[in-house]
Amino acid sequence: MSNIEWNEKTFSRFAYLGDPRISGDFVAYTLTKVNMEDNKYESTVVVENLEKGSRRFVENASMPRISPDGKKLAFTRFNDDKKATEIWVAELENLSSKKVLTAKNVRSIEWNDDSRRLLVVGFKRNDDEDFVFDSDVPYWFDNMGFLDGEKTTFWILDTEGEEIVEEFEKPRFSSGIWHGDGVVINVPHREASKPELFKFWDIYLWKDGDEEKLFERVSFEAIDSDGKGLLLRGKREKKYLSEHDWLYLWDGELKAVYEGPLDVYSAKLDGGRVYFLVPDSGRVNLYLWDGKAEPAVVGDHWIYGLDVDDGRAILLIMTATRIGELYLYDGELKHITDYNGPMFAKLKTFEPRHFRFKSLDLEIDGWYLKPELKENEKAPVIVFVHGEPKGMYGHRFVYEMQLMASKGYYVVFVNPRGSDGYTEDFALRVLERTGLEDFQDILNGIEEFFKLEPQADRERVGITGISYGGYMTNWALTQSDLFKAGISENGISYWLTSYAFSDIGLWFDVEVIGQNPLENENFRKLSPLFYAKNVKAPILIIHSLEDYRCPLDQSLMFYNVLKDLGREAYLAVFKKGPHGHSIRGSPKHRSKRYKLFAEFFERKLKKYEEGFEVKGLLKS
């Protein structure tokens, strides 16, 4: 009898793979395990020799980068005592290593083609011990904290002499890549006093202290180079941030590689060919351009890691029932790792069942997980709503979904208009109409689900989501009596304060909700706060204090108003963790969140208990 089952700590038993890199026969990636006892994550760099089938490990390491000549491995280590990042270089033959730099703030490292120099991109701030100061926007940014006059720093590090031989700085949110012996830099374009963040870029070539502007006010950025041409991701010019990203090659002339109809997540340039990831109706597939863009690896899966060298692509692939593992694609797809296979062999998993339905003027994709049920047994239902709104559900592993299906709940999720993975028109239909037709899509999906599953109990339906999903949970409880309980996480309740308070409010909110926030009625009309009196179902609101994307004011306002109206509301504020605290929080943070999540629905949709006392619940 297996002692492995789904609960609030099962996530800690999985191995998590990330940041795959390939050069010749060598593959490197990070392997992260959860240490519940010490409440931390432990990352190891794994180096695999594909030809020999051997595997070696570098402990307490991340950000692996294999040199172009296939002889060296660069990686980073965080020094807790110094609160700084160390950059190390090892010989791949024997992994003997040396530390080549210690720096306070490092965001990326990249080898030059000479396999000697590293481009180190980081940042510097004012760092006064008593206060932060800025004259730019945004003032803070999620998972980055207060920006405090931040500048992006660029260092060229000679790994042999262990010295920085060149350095320069650019405005915050800049990025750079090697382009031959020069560095191509993406700098946010400014219109008057405000940067046009994530929408327009100025692109420069920096070499030997001289700078040349290659592009001005374009909606693409340079993401890869082979020393001759640049791979650009984005568009020639965007009207909306929510538009799809496409791909272009530039070698003095701009050439389209892929211009829709779908979005592009990431891409790599290899020998004149381009490998790229495309979201498609709940899947993320690999495409290959070699004069023409064609799908290469397609299936009911979600590819979330990509690197390419000499016609071979290394991929990280997850499914709805499996954590991601490493694969090689060289014309055929080959499974390389199986870290989590033995765990999943002992766990009951639930495969999503797909359905399509007509909602207003569109065809919509939906899925559901069916729990194990006895004949004629009725089961409660939990509706999940994804984030952004340009997120996407489908064939990816969502821990909470498997957890709740294992506990006897139907789990339902759909991709309403506004979701990614479909045409650009589909994605843009939610703009200035958030909460209207997209909410109707969700309701229509639930109705279609009930037709398919007569054992689903219409009288016990809960709803939950994070970010846009949290907003939609707040909205759903104010607009419909269908839902008998809700868990809203890091959501929005009042769009006007979100516009003025969020790290991206000055850009994102005015696109999604509308221009002229101080005068536009949408900022009130589409805000759940002003319909709080309609809430009848109990709600648990969860928020992380360090969320600067959807700051705490959003949940606190909604909670206070609901309590003032005498409604059943509970608020759990996690003292640490960014917007994505559900996966970025500390191990104990995540475990307690899963416990809260499961217990609230258990008490409200199964036991029908009054109140929600957590004393003694979270001690672990």
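Refer to the preceding data block for the structure.
Caption draft 1: View of the packing of aromatic side chains. Evaluated as defined, the whole model comprises 49 aromatic pairs. Ring plane angle 80° and centroid distance 5.7 Å describe the contact between Phe-173 and Phe-198, whose orientation is recorded as edge-to-face. Highlighted residues: Phe-173 in the loop between β14 (163–171) and β15 (175–179) and Phe-198 in the loop between β18 (194–195) and β19 (201–207), separated in sequence by 25 residues. Judged by relative accessible area, which is 14%, Phe-173 ranks as buried. On the basis of relative accessible area, Phe-198 is assigned to the partly exposed category, the value being 34%. Counting every residue linked through ring pairs, the aromatic cluster contains Trp-6, Phe-11, Phe-14, Tyr-16, Phe-344, Phe-397, Tyr-399 and Tyr-594. A cation over an aromatic ring shows up here: Arg-77 above the ring of Trp-88, its NZ or CZ 4.9 Å from the ring centre.

Caption draft 2: Main features of the nonpolar core. Of all hydrophobic cores here, the largest spans 110 residues; its most connected members are Leu-315 and Phe-483. No other element matches helix α11 (residues 587–606), which puts seven residues into this core. In terms of nonpolar packing, the next biggest core, distinct from the first, is built from 29 residues, Leu-214, Phe-220, Trp-246 and Tyr-287 among them.

Caption draft 3: The arrangement of the sheet that holds strand β32 (residues 353–359) in detail. Spatially, the eight strands line up as an open sheet ordered β32-β33-β35-β34-β36-β37-β38-β39, and their pairing is mixed. Looking at the sheet topology across the chains shown, the edges are occupied by β32 and β39 (569–574). Adjacent strand axes in the sheet meet at a mean angle of 20° when their direction is disregarded. Of the strand pairs in this sheet, strand β34 (residues 379–385) and strand β35 (residues 410–414) are connected by four bridges, and their pairing is parallel. The partner of Ile-382 across the bridge, within β35, is Val-411.

Caption draft 4: Broad picture of the environment of His-395. Summarising the element assignment, His-395 is placed in the loop between β34 and α2 (399–406). For His-395, a relative accessible area of 6% corresponds to the buried category. Separated by 93 residues in sequence, His-395 and Trp-302 have C-alpha atoms that sit 6.1 Å apart. Once you skip the residues sitting within four places of it in the chain, His-395 turns out to touch Gly-282, Arg-283, Asp-300, His-301, Trp-302, Met-318, Thr-319, Ala-320, Pro-352 and Trp-367.

Caption draft 5: Just the pattern of salt bridges, in detail. One pass over the structure, following the stated rule, counts 51 salt bridges. Arg-549 is paired through a salt bridge with Asp-503; the nearest N and O atoms lie 2.7 Å apart. Taken together, the residues Arg-549 in the loop between β38 (539–544) and α9 (553–564) and Asp-503 in the loop between α6 (495–501) and α7 (508–512) connect sequence positions 46 residues apart. Judged by relative accessible area, Asp-503 falls into the buried class, the value being 1%. Put simply, Glu-568 and Lys-604 hold a salt bridge, and the shortest N to O gap is 2.6 Å. In this pair, Glu-568 is assigned in the loop between α9 and β39 and Lys-604 in helix α11, connecting sequence segments 36 residues apart. Beyond isolated ion pairs, a larger network of salt bridges with shared partners links Asp-361, Arg-417, Asp-425, Arg-429 and Asp-441.

Conventions used here
Residues numbered from 1 in each chain as written. Predicted model: local features only at pLDDT ≥ 70, side-chain atom pairs only at ≥ 80, totals over all residues. Heavy atoms only, no water. Phe/Tyr/Trp six-rings, centres within 6.5 Å; stacked < 30°, edge-to-face > 60°. Helix = DSSP H or I, 4+ residues; strand = E, 2+ residues; numbered from the N terminus. Buried < 20%, exposed > 50% of the residue type's maximum accessible area, 1.4 Å probe, protein only. Lys NZ or Arg CZ within 6 Å of the ring centre and 35° of its normal. Core = buried A, V, L, I, M, F, W, Y, C linked by side-chain atoms within 4.5 Å. Pairing = 2+ DSSP bridges. Axes fitted to C-alpha atoms, helices over the stretch in contact; angles between N-to-C directions. Contact = heavy atoms within 4.5 Å. Salt bridge = Lys/Arg side-chain N within 4 Å of Asp/Glu carboxyl O.

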